[in-house]
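Per-entry structural report
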Amino acid sequence: MTSDASPEPATTLAALMQARQHTGPKHLVEPGPGEAALRALFSAAATAPDHGRLLPWRFIVLGLEGRERLSQAFAEALHERDPTATEDQLGEARAKAARGPVLVLAVARLQSGHAQVPPEEQLVSLGAALQNLLLAAEANGFASGLSSGRGMHSEAMRRAFSLAEGEQAICCITLGTAARRKPPRERPRPDDFVTWL
């Protein structure tokens, strides 16, 4: 016998959390979320815990100009680390900015010296915002992946996106449709990471 009743919200959320998995940018294809869908994902991000309402993070949606800046920043960052990098290696670094239908840069905006909210707590808020965004993407039928690397901490990245003092590029979020789905990976069991006192 079937029921017309909607699934319980907790059941739906648990299923989304179990279904969500990282999909590398190379394996994300069109369609990706349009502007209205992206705004809904950012609204989900905004429900993250934010002690003191500091809004210690922001997102930059990278269109053609943004991707060109990121491409150049990746190449410059590689050259900063390795002045002997070949043209092929620099080209590979640039190419990373072209992957996936939608690319978003996550930036932490950390306030140091705050009496009640230390920087590490502000980073936790960004992590929660990212997870909310990823789950909302999954709920709307989109696959996603986070990518970071040493280029995020480069002077080239700071220059490319005019990052202010206290700001740090953390990762890129790529959104689209999975060209292929990996088998679900085994998750840690609570006993692997929970201590009961």
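This text gives an overview of the structure that appears in the document.

Each value, and the rule that gives it
Residues numbered from 1 in each chain as written. Predicted model: local features only at pLDDT ≥ 70, side-chain atom pairs only at ≥ 80, totals over all residues. Heavy atoms only, no water. Helix = DSSP H or I, 4+ residues; strand = E, 2+ residues; numbered from the N terminus. Buried < 20%, exposed > 50% of the residue type's maximum accessible area, 1.4 Å probe, protein only. Phe/Tyr/Trp six-rings, centres within 6.5 Å; stacked < 30°, edge-to-face > 60°. Salt bridge = Lys/Arg side-chain N within 4 Å of Asp/Glu carboxyl O. Patch = residues over 30% accessible without salt bridge, like charges linked within 9 Å, V, L, I, M, F, W, Y side chains within 5 Å. Areas by Shrake-Rupley, 256 points an atom, 1.4 Å probe, with all protein chains shown as cover. Lys, Arg positive; Asp, Glu negative; His and termini not counted. Charge placed at Lys NZ, Arg CZ, Asp CG, Glu CD. Contact = heavy atoms within 4.5 Å. Pairing = 2+ DSSP bridges. Polar contact = N/O pair within 3.5 Å; in protein donor to acceptor, adjacent residues only side chain to side chain. Axes fitted to C-alpha atoms, helices over the stretch in contact; angles between N-to-C directions. Parallel < 35°, antiparallel > 145°, perpendicular 65-115°, else oblique. Left-handed = near helix turned anticlockwise from the far one by under 90°. Nonpolar A, V, L, I, M, F, W, Y, C, P; charged D, E, K, R; others polar.

Some words on the overall build of the protein chain
- The helix and strand tally for the protein chain stands at 7 helices and 5 strands.
- Sequence-ordered secondary structure for the protein chain, helices as α and strands as β, is α-β-α-β-α-α-β-α-β-α-β-α.
- When the backbone C-alpha atoms are referred to their principal axes, the protein chain occupies close to 65 × 45 × 35 Å.
- Scored against the burial criterion, the 197 residues of the protein chain give a buried share of 37%.

Quick notes on the packing of aromatic side chains
- The tally for this structure, following the rule as stated, stands at 2 aromatic pairs.
- Between the aromatic rings of Phe-42 and Phe-59, the centroid separation amounts to 5.5 Å while the plane-to-plane angle is 25°, which identifies the pairing as stacked. Of this pair, Phe-42 sits in helix 2 (residues 35-45) while Phe-59 sits in strand 2 (residues 57-61), placing them 17 residues apart in sequence.
- Relative accessible area serves as the criterion here: at 23%, Phe-42 is assigned to the partly exposed category.
- Each member of the aromatic cluster is reached from another via a ring pair, and the members are Phe-42, Trp-57 and Phe-59.

Remarks on the pattern of salt bridges
- Counted by the stated rule, this structure contains 7 salt bridges.
- Where Glu-167 meets Arg-58, a salt bridge forms, and the shortest distance between an N and an O atom there is 2.7 Å. Of this pair, Glu-167 sits in strand 5 (residues 167-178) while Arg-58 sits in strand 2; the two residues are 109 residues apart in sequence, bridging distant segments of the chain.
- With a relative accessible area of 24%, Arg-58 lands in the partly exposed category.
- Residue Arg-181 pairs with Glu-138 through a salt bridge whose shortest N-O separation is 3.7 Å. Of this pair, Arg-181 sits in the loop between strand 5 and helix 7 (190-193) while Glu-138 is found in helix 5 (residues 119-139), placing the two residues 43 residues apart along the sequence.

As for a positive patch on the surface
- A surface patch of positive charge is lined by Lys-26, Arg-81, Lys-96 and Arg-150.
- Its location among the elements puts Lys-96 in the loop between helix 4 (87-95) and strand 3 (102-109).

Some details on the side chain of Glu-138
- For Glu-138, a relative accessible area of 14% corresponds to the buried category.
- When residues no more than four places from it in sequence are discounted, the contact partners of Glu-138 are Leu-16, Ala-19, Arg-20 and Arg-181.

Some thoughts on the pairing of strand 5
- The pairing of strand 1 (residues 28-29) with strand 5 spans 2 bridges and is classified as antiparallel. By the bridge assignment, Leu-28 is partnered in strand 5 with Ala-178.
- Bridge count for strand 3 against strand 5 is 8 bridges, and the pairing is antiparallel. Residue pairing across strands places Val-104 opposite Ile-173, the latter belonging to strand 5.

Side note on the side chain of Ser-71
- Position of Ser-71 relative to the elements: it lies in helix 3 (residues 64-81).
- Looking at Ser-71, the relative accessible area reads 10%, which means it is buried.
- A distance of 3.3 Å separates a polar atom in the side chain of Ser-71 from the backbone oxygen of Arg-94.
- If we skip the residues at most four places from it in the chain, Ser-71 touches Arg-94 and Ala-97.

A closer look at the packing of helix 3 against helix 4
- Across the interface, helix 3 lies against helix 4 with an axial gap of 7 Å and an inter-helix angle of 140°. Between helix 3 and helix 4, the crossing angle belongs to the class labelled oblique. The two elements helix 3 and helix 4 meet at a crossing, and its hand is right-handed. Across the interface between the two elements, Ser-71, Gln-72, Phe-74, Ala-75, Leu-78 and His-79 of helix 3 pack against Gln-89, Leu-90, Ala-93 and Arg-94 of helix 4.
- Of the residues contributing to the contact of helix 3 with helix 4, the split by class is 5 nonpolar, 4 polar and 1 charged.

With respect to the environment of Gln-89
- Counting through the fold element by element, Gln-89 comes out in helix 4.
- With 22 residues separating them in the primary sequence, Gln-89 and Arg-67 have C-alpha atoms 18 Å apart.
- Residues in contact with Gln-89, not counting those within four places in the same chain, are Leu-78 and Thr-84.

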